[in-house]
Amino acid sequence: MNATPAIRTASPGRIEFIGNHTDYNGGQVLGVSLNLGVEAEATPREDRQLHFSSDGIAAAFKGSLDELVPQSGELAWANYPLGILKVLLEAGHEVASGCDLHFRSNLPTGAGLSSSAAIELATLEAICQLNGLDLSRKEKVLLAQRAENTFVGVPCGMLDQAVSCFGREDHLVRIDCANTAFETVPLAHGLHFWVFNTNHKHSLVDSMYSRRHAECRKALEILRQADPGLQHLAHARIELLEHLEAGSDIRRRAEHTVLENLRVQQVIQALEAHNLEEVGDLLFASHASSRDLFENSIPELDTLVELLQGLRSHGVIGARLTGGGFGGAVMALTTDRFSSPDAGNVLQLYRHRHPGSEAPTCLHVRTGNGTRRLD
Ligand code: ADP
Ligand code: MG
């Protein structure tokens, strides 16, 4: 019998609000934490065993704190909590005993809302609480990112973990990727978010991301010949881009990166000025830039944004592709005037235009709080 009561933690999913592909270029990105996420219930054990289970998943994991090795197949999901334990131990933190962890989630997995970061941070918070570990939020973000990079094997940036960890209701999370700084930015109360997912999975998505990374690296390399002090592509002055061949792919990627980074700053100023129309203009401009300059959109995403842009008088403030692109989802920021029937109309018109594509889905979400202990 274990007398120590269970503790419960939660961490939300997230949407990339604006700052498309700015993260690995040393730029800024704004994310929004959702009112949907993952909850963990943790009970300490007197032995060194680890027992993980999840409401959504049949396969339960049993292992030991002394043997943290990546799992595969139906137990691959356990790599998220295992990875957290691994990086904590590697960083020299003391985890006294094993534990039982049970997860519940109301976040669709693999839908681009970052259920993986939510499960990582809910786990990390639970392990910290069980072991009296006092880590800053920044340390938690970096540990969770390391777990996903090194143990799960996904080379993600820090957006997902930072927004899940620092999130706050009615706020955005601003991440400055050049100096790993995080802050929250107030959002007007009562705004709504809609995620229209094309459910389109581009078969070449990984190689397309690598290509964009390489193009951005190349642009920086060329620009540094003209300005050796330039550290990050996102920080280049727009006049400096003259050094890139006019009309070339690399020039367009660089233009997107620099202008998108400026838009992040402009969105923050427009929010401070309570100018939601300007925020909306910037969101639509971000989409156009991803489509025309970074070229990571697909016709299905463009259709969704175009249909939503036509509904500005029905409560749509702005819309843009969110995440890596080449498939995936569009997010829309709306007032409460935009309703489920309006969203239904968007889906219907979309299906009419793309009869051969996957059926799209739509999720209505609000902002929510970041990683926390419950009760
Ligand atoms: P995303 O983070 O966009 O949702 P990922 O592919 O990065 O997509 O992460 C999804 C994976 O996270 C799932 O395949 C599963 O392994 C794990 N996961 C997410 N939520 C849960 C959950 N509630 N229980 C167990 N595993 C989960
Ligand atoms: Mg993920």
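First, a word on what this report is: a plain description of the structure on this page. Predicted model only: the values in this text are computed from it and were never measured.

1. Points about the site of ligand 1
No. 1: The environment of ligand 1 is formed by 13 residues, the closest being S54, G110, S114, S115 and S116.
No. 2: One nitrogen or oxygen atom from the main chain of S114 is found 3.4 Å from an oxygen atom belonging to ligand 1.
No. 3: S116 is positioned such that a nitrogen or oxygen atom in its side chain is 3.0 Å from an oxygen atom of ligand 1.
No. 4: Here ligand 1, which alone exposes 560 Å², has 76% of that area covered by the protein.
No. 5: The biggest single contributor to the shell around ligand 1 is helix α2 (residues 115-131), with three residues.
No. 6: Looking at the shell around ligand 1 residue by residue, the class counts come to five nonpolar, eight polar and no charged.

2. Some remarks on the side chain of T371
No. 1: In this fold, T371 is placed in the loop between β11 (361-365) and β12 (372-374).
No. 2: The contacts of T371, once residues within four sequence positions are left out, are A10, S11, P12, L121, E125, R137, S164 and C165.

3. Some remarks on unusual backbone geometry
No. 1: Phi is positive for H21, close to 60°, though the residue is something other than glycine.
No. 2: Summarising the element assignment, H21 is placed in the loop between β1 (7-18) and β2 (28-44).
No. 3: The class of H21 is buried, set by a relative accessible area of 9%.
No. 4: Phi is positive for F326, which is not a glycine, with a value near 55°.
No. 5: Tracing the backbone through its elements, the reader meets F326 in the loop between β9 (316-322) and β10 (327-334).

Cut-offs and rules
Residues numbered from 1 in each chain as written. Chains lettered and ligands numbered in written order. Predicted model: local features only at pLDDT ≥ 70, side-chain atom pairs only at ≥ 80, totals over all residues. Heavy atoms only, no water. Near = heavy atom within 4 Å. Polar contact = N/O pair within 3.5 Å; in protein donor to acceptor, adjacent residues only side chain to side chain. Areas by Shrake-Rupley, 256 points an atom, 1.4 Å probe, with all protein chains shown as cover. Helix = DSSP H or I, 4+ residues; strand = E, 2+ residues; numbered from the N terminus. Nonpolar A, V, L, I, M, F, W, Y, C, P; charged D, E, K, R; others polar. Contact = heavy atoms within 4.5 Å. Buried < 20%, exposed > 50% of the residue type's maximum accessible area, 1.4 Å probe, protein only.

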